[in-house]
Amino acid sequence: MFAKVLMRRIGNIQFTYKTRKLSSKPRLAIVGSGPAGMFACNGLLRKSNFLVDVFEYSPVPFGLVRYGVAPDHQEVKNVINTFDAMFEKNRERLRLYCNVKIGQDITFDELTRGYDAVLLAYGSYKARKLGVPGCASKNVISGSDFVGWYNGVPNAPTPDLSASNVVIVGNGNVALDCARVLSTASSGSLRISDIPDERLSVLEKTATKDIKILGRRGPENVSFTIKELREQFKIQEWDSKLEISETDLKNLIESLPKLERKKKRLTEVLVKNTGTTSGLRQCHFLFHRVPKEVVADSNGMVRELVVENTETSKTETFPCELLIYSIGYETLVLDGVPQNENKMIDMKDHCRVNINAECPAHVYATGWCAHGPRGVIVDTQQQSSFVADQIASDFIHTRHSIAPGVDLVLNERKVPFISWDAWKMIDQQERDQGKLSGKIREKFTTFEKFLSKRLE
Ligand SMILES: Cc1cc2nc3c(=O)[nH]c(=O)nc-3n(C[C@H](O)[C@H](O)[C@H](O)COP(=O)(O)OP(=O)(O)OC[C@H]3O[C@@H](n4cnc5c(N)ncnc54)[C@H](O)[C@@H]3O)c2cc1C
């Protein structure tokens, strides 16, 4: 076999480079190292001879598993062990480039010219805005920013937790995670979680005594999962209840015989926990409340939330010194990726992107960026394994490749990145430091010293 010197233009940079030997394997770039990208990668490495490069915007890998999943639900984060084993087993075929943002450091177009196939798995990371007057007031934050902050996202702004009254808008698990973390913080029970110490100390001083979780529709429409809901009702020193009308309660009870098992169990938990809260610390689940206006004080700090109660047609005003909204995510479409009329990636089928005929690479998408921000990790895993099958089958007859990757572009632009080995160093140091205080890890929030600017 022989190597060949080629000239190829990537972006505005013309490179001379040695191709891999002509017998070399097809090359895949994965955008995003969350569960979608990693499960697809795992499937593909098992079923094909692809060489895979993973590009991740954050300085460290694994997306929402690290920066979204609740810090007191470590068992969910164990999925990282599968990804870890995958990287270790496939060192020759798999590389990781964290701190590299596709669309900024490398364009999508450049990726399609550097690889035979590109898999988009970059999630859905922009919180939908509340969009009412006053929503830009201080201490009005999205659930994903709050979750990111306590999970250790670098540079996340610190919320003011001296608030006694907190309102959380949204009826999904993110809203519930925010409420649970706030209401358990002062008990010290989060000390064994992986919340970075400097952020935990802010959380533990929280003055929160009253949390209102507002749903736009009735209690039958909540998107909570039963485990998270039960946990909220079990928190000691907090009285958490659904404060609902007799009509809503009657409807919930009457619906029970018709519901499928999972929904029925959830509804039973809802029914069991209706009533009026009392005591020092209270968490109220309120429904049919639509936010209308955020009222701030002269310093621009949120003080009240005005809502419309659509059940009574009355306007209500809740005291509120911290407002967290979690009303869904917007999917961003990377520059150069085709977009459909719903402003989502234009998919040709369940996994192929509707790319134009001139595009040099096959382009696929999976996970939240492809199908919207729905579902838990297991759902993502199923989709991704399907996508891996599809890519493997599309390339079953591909015997060689001259795709150059993007090493030269990264080197030329001196894009600082974190490799798999650098991540393993961080991982080990975090674990070692965590052990000293009985935590699974002490997450770092800055990574400058681990960044490399050159690929060999
Ligand atoms: C707060 C929260 C808590 C959750 N808790 C649970 C739970 O307890 N259990 C459960 O099963 N599921 C949970 N989920 C759902 C689960 O996290 C998702 O199903 C899953 O993470 C979706 O995977 P993904 O790979 O599509 O997206 P992500 O996990 O978001 O991964 C996408 C990755 O792409 C990267 N990226 C984005 N843009 C770029 C770019 N331009 N260039 C390079 N990289 C980029 C991101 O940094 C990210 O690392 C939770 C979700 C949230 C939001």
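Residues numbered from 1 in each chain as written. Predicted model: local features only at pLDDT ≥ 70, side-chain atom pairs only at ≥ 80, totals over all residues. Heavy atoms only, no water.

Chemist: Lay out the domain arrangement of the protein in plain terms, naming residues and giving numbers.
Modeler: By the assigned domains, the protein splits into domain 1 (27–125 + 330–437) and domain 2 (140–325). For domain 1 and domain 2, the distance between their C-alpha centroids amounts to 33 Å. When residues of domain 1 are sorted by the area they lose upon contact with domain 2, Tyr67, Pro71 and His73 head the list and together hold 51% of the total. For the interface between domain 1 and domain 2, the tally reads three salt bridges. One salt bridge connects Glu75 with Lys227, and the closest N-O pair in it is separated by 3.2 Å. At the junction of domain 1 with domain 2, the criterion picks out nine residue pairs in polar contact (both at pLDDT 80 or more). Mapped by element, the contributors of at least two residues to the side of domain 1 that touches domain 2 are α2 (63–67) and α3 (74–77). Residue composition of the side of domain 1 that touches domain 2, by class: five nonpolar, three polar and four charged. (Domains from an automatic or database assignment. Buried area = accessible area lost by both parts, 1.4 Å probe. Salt bridge = Lys/Arg side-chain N within 4 Å of Asp/Glu carboxyl O. Polar contact = N/O pair within 3.5 Å; in protein donor to acceptor, adjacent residues only side chain to side chain. Helix = DSSP H or I, 4+ residues; strand = E, 2+ residues; numbered from the N terminus. Nonpolar A, V, L, I, M, F, W, Y, C, P; charged D, E, K, R; others polar.)

Chemist: For the site of the ligand, give the residues involved together with the corresponding values.
Modeler: Residues in contact with the ligand amount to 33 residues; listed here are only the nearest, Ala36, Glu56, Ile102, Trp368 and Ile377. At 3.4 Å from an oxygen atom of the ligand is found a main-chain nitrogen or oxygen belonging to Gly63. In the model, an oxygen atom of the ligand is placed 2.9 Å from a nitrogen or oxygen of the Trp368 main chain. Notes on the ligand: free accessible area 1,000 Å², of which the protein chains cover 92%. Elements with a contribution of two residues or more to the shell around the ligand: α1 (35–47), β4 (51–56), α2, α7 (173–185) and α13 (377–394). (Near = heavy atom within 4 Å. Areas by Shrake-Rupley, 256 points an atom, 1.4 Å probe, with all protein chains shown as cover.)

Chemist: Any details on empty space enclosed by the protein? Residues and values, ideally.
Modeler: One pass over the structure, following the stated rule, counts one cavity of 30 Å³ or more. For the largest cavity, the calculated volume is near 40 Å³. Ala127, Ser142, Gly143, Ser144, Val174, Tyr325, Ser326, Ile327, Gly328 and Tyr329 together form the lining of the largest cavity. A class-by-class count of the residues in the lining of the largest cavity yields five nonpolar, five polar and no charged. (1 Å grid on protein atoms, 1.4 Å probe; cavity = no way out; pocket = protein on both sides within 12 Å on 5 of 7 lines; lining within 4 Å. Points joined across faces, edges and corners; volume = space filled by probe spheres on them.)

Chemist: How would you explain the confidence of the model for the protein if you had to name every residue and give the values?
Modeler: Across the protein, pLDDT averages 92, with 94% of residues at or above 70. For residues 1–23, every residue scores under 50 in pLDDT, and the model assigns this stretch 56 contacts once sequence neighbours within four places are set aside. (pLDDT = per-residue confidence, 0-100. Contact = heavy atoms within 4.5 Å.)

Chemist: Give a detailed account of the UniProt feature "domain: FAD/NAD(P)-binding" (unreviewed entry) in the protein, specifying residues and quantitative values.
Modeler: In the numbering adopted here, UniProt assigns the feature "domain: FAD/NAD(P)-binding" (unreviewed entry) to residues 27–375. The distance separating the terminal C-alpha atoms of residues 27–375 is 29 Å; by composition the span is 30% helix and 22% strand. (UniProt positions renumbered as here; feature names shortened; annotations may be inferred.)

Chemist: Describe the nonpolar core, naming the residues involved and giving the relevant values.
Modeler: Generally speaking, a soluble globular protein has its nonpolar side chains buried in company with each other. Ranked by size, the top nonpolar core spans 44 residues in total, and within it Val52, Phe62 and Phe87 carry the most contacts. When residues of this core are assigned to their parent elements, the largest contribution, seven residues, is made by α1. The contacts of Phe87, once residues within four sequence positions are left out, are Met38, Val54, Phe62, Leu94, Arg95, Leu96 and Trp420. Counting residues in hydrophobic clusters, the runner-up holds 41 residues, among them Phe146, Ala175, Phe285 and Ile324. (Core = buried A, V, L, I, M, F, W, Y, C linked by side-chain atoms within 4.5 Å. Buried < 20%, exposed > 50% of the residue type's maximum accessible area, 1.4 Å probe, protein only.)

Chemist: Help me get a handle on the packing of aromatic side chains, residues and values and all.
Modeler: Counted according to the given criterion, the structure contains 14 aromatic pairs. Arranged with centres 4.9 Å apart and planes meeting at 70 degrees, the rings of Phe50 and Phe395 form a pair that is edge-to-face. Of this pair, Phe50 sits in the loop between α1 and β4 while Phe395 sits in the loop between α13 and α14 (407–413), and the two are 345 residues apart along the sequence. Like Phe50, the residue Phe395 is buried in the burial classification. (Phe/Tyr/Trp six-rings, centres within 6.5 Å; stacked < 30°, edge-to-face > 60°.)

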